[in-house]
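Chain by chain, the residues run as shown.
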Amino acid sequence: MARSKIALIFTVCMAALMVGCSQQNGPRPPMVAFKPSTQQVRPRSVSQMKSEVRIRREFMSPGCYARRHSKPMKPRFITIHSTANRTAGAMQHRKALGNGALGKLNWHFTVDQYMAVQNIPLNETGRHADKGGPGDRYSIGIEMCENESRGRNYPRTWDRAAKLTATLMKEYDISLRNVVPHYFWTRKNCPEPLLEGGRPGYKWAWFKSRVDYYYRCINNGRSNLG
Ligand SMILES: [Zn+2]
């Protein structure tokens, strides 16, 4: 067989393999340039950082409407949202999920300035990104609250979400590249407070930098950029 023909067959096989992989693992997000934090790394364990996040587990009933269509999941992405709701904190969102007020919607964590409430297990799909598409099938959904009722403190909420994201990256071996805004899946203006003109810009890059910093704190100073 001519060498060029073998090369062609090889190329086609590799392309098929890559398409297969990308379908199985989801799309490859663009690399986001960010300025690494110069803050000195303060080493701690994953469990120490988790306790700083203050995770409160409040799983929705397995038989409830929102969880009835869930599927098993191996997380490969972390999708960041904001609630676009000025009146509810993390526990109020949990109540709304539990009483069916949000229909089919569900997601893994809701973060506010005080805690992170976990609504469903991490080996189970939510419905928060793209109506059952790859964003839902492969990603852990984190909603950041925008409530103003007890005094708004976005930076605290964002910082808590960044720490939580770093611990999940470590536990599930997810690279920073695969930490994406909801915008990535559907071009929705979400998380709105961290986008500029509906698109990722310097605020999103700042958030990535915070996640990278906290990841280095629990990973012997090393990043996982993907
Ligand atoms: Zn969203």
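Residues numbered from 1 in each chain as written. Predicted model: local features only at pLDDT ≥ 70, side-chain atom pairs only at ≥ 80, totals over all residues. Heavy atoms only, no water.

Short version of the rule: UniProt positions are given in the numbering used here, feature names are shortened, and annotations may be inferred rather than shown by experiment.
The chain is annotated in an unreviewed UniProt entry as N-acetylmuramoyl-L-alanine amidase of Akkermansia glycaniphila. Of the comments in the UniProt record for the chain, the one headed Catalytic activity (unreviewed entry) reads "Hydrolyzes the link between N-acetylmuramoyl residues and L-amino acid residues in certain cell-wall glycopeptides."

**Here's the deal with the overall build of the chain**
Counted only if it meets this: Numbering of helices and strands starts at the N terminus; helices are DSSP runs of H or I of at least 4 residues and strands are runs of E of at least 2. For every residue, the accessible area obtained with a 1.4 Å probe (protein chains only) is divided by the maximum for its type, and the residue is called buried under 20%, exposed over 50%, and partly exposed between those limits. By definition in these notes, contact holds between two residues if any of their heavy atoms fall within 4.5 Å. Accessibility throughout is a Shrake-Rupley quantity obtained with a 1.4 Å probe, and a residue counts as covered only by protein chains that appear here.
The helix and strand inventory of the chain stands at seven helices and eight strands. Taken over 226 residues, the chain has a buried fraction of 50%. Within the chain, contacts between residues at least 6 apart in sequence are counted, and of these 75% link residues at least 24 apart. Summing over all exposed atoms, the chain offers an accessible surface of approximately 11,800 Å²; the carbon and sulfur share of this is 54%.

**As for the pairing of strand S2 (residues 77–82)**
On any regular strand, side chains alternate: one points to one face of the sheet, the next to the other face. Threshold: By this definition, two strands are paired if DSSP reports at least two bridges between them.
When you tally the buried positions in S2, you get six out of six residues, the bulk of the element. Judged by which residues are buried, S2 turns out to be covered on both faces: Phe77, Thr79 and His81 on one side and Ile78, Ile80 and Ser82 on the other are all buried. Note that S2 and strand S5 (residues 139–144) share six bridges and pair parallel. Looking at S5, one finds that His81 is bridged to Glu143. In this structure, S2 lies alongside strand S6 (residues 179–181), joined through three bridges in parallel fashion. Directly across from Ile78, in S6, lies its bridge partner Val179.

**Regarding the pattern of salt bridges**
Selection criterion: What counts as a salt bridge is simple: a side-chain nitrogen of Lys or Arg found within 4 Å of a carboxyl oxygen of Asp or Glu.
The full count for this structure, using the stated rule, is nine salt bridges. Close ionic contact of Glu124 with Arg67 constitutes a salt bridge, the shortest N to O distance being 2.9 Å. Here Arg67 lies in the loop between strand S1 (55–57) and S2 and Glu124 lies in the loop between strand S4 (116–118) and helix H4 (134–138), a separation of 57 residues in the sequence. For the pair Glu124 and Arg67, a shared accessibility class is recorded, and that class is buried. Residues Arg86 and Glu146 are paired through a salt bridge, measuring 3.3 Å at the closest nitrogen-oxygen approach. Within this pair, whereas Arg86 is found in the loop between S2 and helix H3 (90–98), its partner Glu146 is found in the loop between S5 and helix H5 (154–172), the two being separated by 60 residues in sequence. On the basis of relative accessibility, which here comes to 3%, the residue Glu146 falls in the buried class. Through salt bridges that share partners, Arg44, Glu52 and Lys163 make up one connected network.

**Digging into the pairing of S5**
Of all six residues that make up S5, six are buried, and the element is covered over most of its length. Covered by surrounding structure in S5 are Ser139, Gly141 and Glu143 together with Ile140, Ile142 and Met144, the residues of both alternating faces. Here strand S3 (residues 109–111) pairs with S5 via three bridges, running parallel. In the sheet register, Thr110 faces S5, and the bridge partner there is Glu143.

**Section: the environment of Glu143**
Heads up, the condition is: Pairing of N or O atoms within 3.5 Å defines a polar contact, subject to two protein rules: one partner must be a possible hydrogen donor and the other a possible acceptor, and residues neighboring in sequence count only if both atoms are side-chain atoms.
Structurally, the position occupied by Glu143 is in strand S5. A relative accessible area of 9% means that Glu143 is categorised as buried. Between the C-alpha atoms of Glu143 and Ala90, which are 53 residues apart in sequence, the distance is 8.7 Å. Once residues within four sequence positions are removed from consideration, Glu143 is found in contact with His81, Ser82, Thr83, Trp107, Phe109, Thr110 and Val111. A distance of 3.4 Å separates a polar atom in the side chain of Glu143 from the backbone nitrogen of Thr83.

**Notes on the coordination of the zinc ion**
Filter applied, for reference: For Na, K and Ca the donor cut-off is 3.2 Å, and for all other metals it is 2.8 Å, counting N, O and S atoms only; because water is absent from this set, sites may look incomplete.
Protein-derived coordination of the zinc ion comes from His81 (ND1), His182 (ND1) and Cys190 (SG), at a distance range of 2.1 to 2.3 Å. Summarised as a motif, the one-chain spacing of the donors to the zinc ion is H-x100-H-x7-C. Here His182 lies in the loop between S6 and helix H6 (183–186) and His81 lies in strand S2, a separation of 101 residues in the sequence.

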